[in-house]
There are 2 protein chains.
Amino acid sequence: MSDVNIPKTSRGQETMDKICKAAEELFSEKGYYNTSIMDIAQKAQVAPGTVYIYFKDKKSIFKYLLEDLSYTIRKEIAIATKDCKSRYEEEKIGFRVFFDFARKHIGLYKIIWESQFVDKELFKDYYDNFAGRYMKRIKAAQNNNEIADLDPETLAYCLIGITNFVGLKWIIFNDKPVPDEVIEDIMKLLKFGMFR
Amino acid sequence: MSDVNIPKTSRGQETMDKICKAAEELFSEKGYYNTSIMDIAQKAQVAPGTVYIYFKDKKSIFKYLLEDLSYTIRKEIAIATKDCKSRYEEEKIGFRVFFDFARKHIGLYKIIWESQFVDKELFKDYYDNFAGRYMKRIKAAQNNNEIADLDPETLAYCLIGITNFVGLKWIIFNDKPVPDEVIEDIMKLLKFGMFR
């Protein structure tokens, strides 16, 4: 079988969703290495054999979650920013959506960051992919004269870094939503710089 | 015994250094969970009992490494920036030193990032501490009118995020030093912003 079997019925999809939700929670609470297929099955209230209908092994679940998180966050940002009039406005709303998403999926950080220990290539692919999409949008805005002529890759990693660490501070360390004032300050930094 | 026994002789210090170097390499290559005290002793070419002279357990070594990395990086930045005439120049040289340090200690990222799975409080303390020191320097520069009036904590986490993710891209993913042009572009972003 392939690593993941996408269910063909809505009943199967429900079961797979339960398994994914349980896995996300367990990986987030206990980490990848301290979680077994048995734990996941128990939390999802399915038989261990049922997990193997959809996933080859624990790593396949992990990889699937990572791809699903990446897809869902991009989709939510795309929907929320579809009526934006400028790249600036898009970026600002993108921050809000990302932070709110990360707060709802508190395991997001842990799962992504732990992936470097589970599988270095998975981790690299995740960010290569994410940064690649960011770069395209930055280049488009540069062509449109909305963003300064700085290396799009450097900008992409700066923005990813800002999102990750501001989110880390508020969502993980403080266990609170990121306040609007914080996003305002990030936007001022990105609009005017910080050095006088 | 306490968690760590600092040796009283230079011979003891040499042994402890060997143990730390071996542990840093192993945690970095194989991760914390896949490394045993036995592995560390073997790599350091000491008897397992010798490791326990200096450290209570594996976690004590991990914690000590984390504190030592934090101290050393701050010391190197302080030395390199002592003759700087402005906060802007200090920040720029600080980036160079941090990136070069991270490249020499490639396990730095892994050790710090894995700490959230080993001990959440260790991880939080590491960044609280790092950000706290950053904030003091940002506030001083704000009083001096060198940095705009933005929340120092937000700025600290933005800068930490930029350093971590640009470093991740170049040092970990590309396995190359961070080019000077990349630091130039980060500095332009921090001086003028990116949005037009």
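Residues numbered from 1 in each chain as written. Chains lettered and ligands numbered in written order. Predicted model: local features only at pLDDT ≥ 70, side-chain atom pairs only at ≥ 80, totals over all residues.

A. Inspection of the overall build of chain A at higher detail. Along the backbone of chain A there are nine helices and zero strands. Going residue by residue from the N terminus, the α and β elements of chain A occur as α-α-α-α-α-α-α-α-α. Taken along the three principal axes of its C-alpha coordinates, chain A extends 60 × 35 × 30 Å. Taken across its 196 residues, chain A has 35% of its residues classed as buried. In chain A, the proportion of contacts linking residues at least 24 apart, taken out of those at least 6 apart, comes to 58%. (Helix = DSSP H or I, 4+ residues; strand = E, 2+ residues; numbered from the N terminus. Buried ≥ 20, exposed ≤ 12 C-beta atoms within 10 Å, placed from the backbone. Contact = placed C-beta atoms within 7 Å.)

B. Representation of the interface of chain B and chain A within the structure. Between chain B and chain A, the contact holds 39 residues from the first and 39 residues from the second. Looking at the side of chain B that touches chain A, the elements with two or more residues in it are helix H6 (107-118), helix H8 (152-173) and helix H9 (180-192) of chain B. The biggest single contributor to the side of chain B that touches chain A is H8 of chain B, with 12 residues. In the side of chain B that touches chain A, the residues fall into 22 nonpolar, seven polar and 10 charged. (Nonpolar A, V, L, I, M, F, W, Y, C, P; charged D, E, K, R; others polar.)

C. Just the nonpolar core, in detail. Residues Cys158 and Val166 of chain A together with Cys158 and Val166 of chain B are the most contacted members of the largest nonpolar core, which totals 57 residues. Those elements giving two or more residues to this core turn out to be helix H5 (87-104), helix H7 (120-143), helix H8 (152-173) and helix H9 (180-192) of chain A together with helix H5 (87-104), helix H7 (120-143), H8 and H9 of chain B. Those residues in contact with Val166 of chain B that lie beyond four places of it in its chain are Thr154, Tyr157, Cys158 and Gly161 of chain A together with Val178, Val182 and Ile186 of chain B. (Core = buried A, V, L, I, M, F, W, Y, C linked by C-beta atoms within 7 Å.)

D. Main features of the relation of the copies chain B and chain A. Overlaying chain B with chain A gives an RMSD of 0.0 Å, the required rotation being 180° about an axis along which the chain moves by 0.0 Å. Here the transformation between the copies is reduced to the relation of a two-fold axis. The fraction of interface residues of chain B whose copies in chain A are also interface residues reaches 100%, indicating that both copies meet through the same surface. (Least-squares fit on C-alpha atoms with pLDDT ≥ 70 in both.)

E. Here's a closer look at the domain arrangement of chain A. All names here are of chain A. Domain annotation for chain A reports domain 1 (1-56) and domain 2 (58-192). On the side of domain 2, 14 residues touch domain 1, which itself brings 13 residues to the contact. Looking at the side of domain 1 that touches domain 2, the element that brings in the most residues is helix H1 (residues 10-30), giving six residues. Tallied by class, residues from the side of domain 1 that touches domain 2 come to seven nonpolar, two polar and four charged. (Domains from an automatic or database assignment.)

F. The packing of H5 of chain A against H8 of chain A, seen in detail. Residues and elements named next belong to chain A. Between H5 and H8, the least distance of the axes is 10 Å, while the angle of their chain directions is 45°. Viewed along their axes, H5 and H8 adopt a mutual orientation that is oblique. Note that H5 runs across H8; the crossing there is right-handed. Of H8, the residues touching H5 (which contributes Phe95, Phe98, Phe99, Ala102 and Arg103) are Thr163, Gly167 and Ile171. Grouping the constituent residues of the contact of H5 with H8 by class yields five nonpolar, two polar and one charged. (Axes fitted to C-alpha atoms, helices over the stretch in contact; angles between N-to-C directions. Parallel < 35°, antiparallel > 145°, perpendicular 65-115°, else oblique. Left-handed = near helix turned anticlockwise from the far one by under 90°.)

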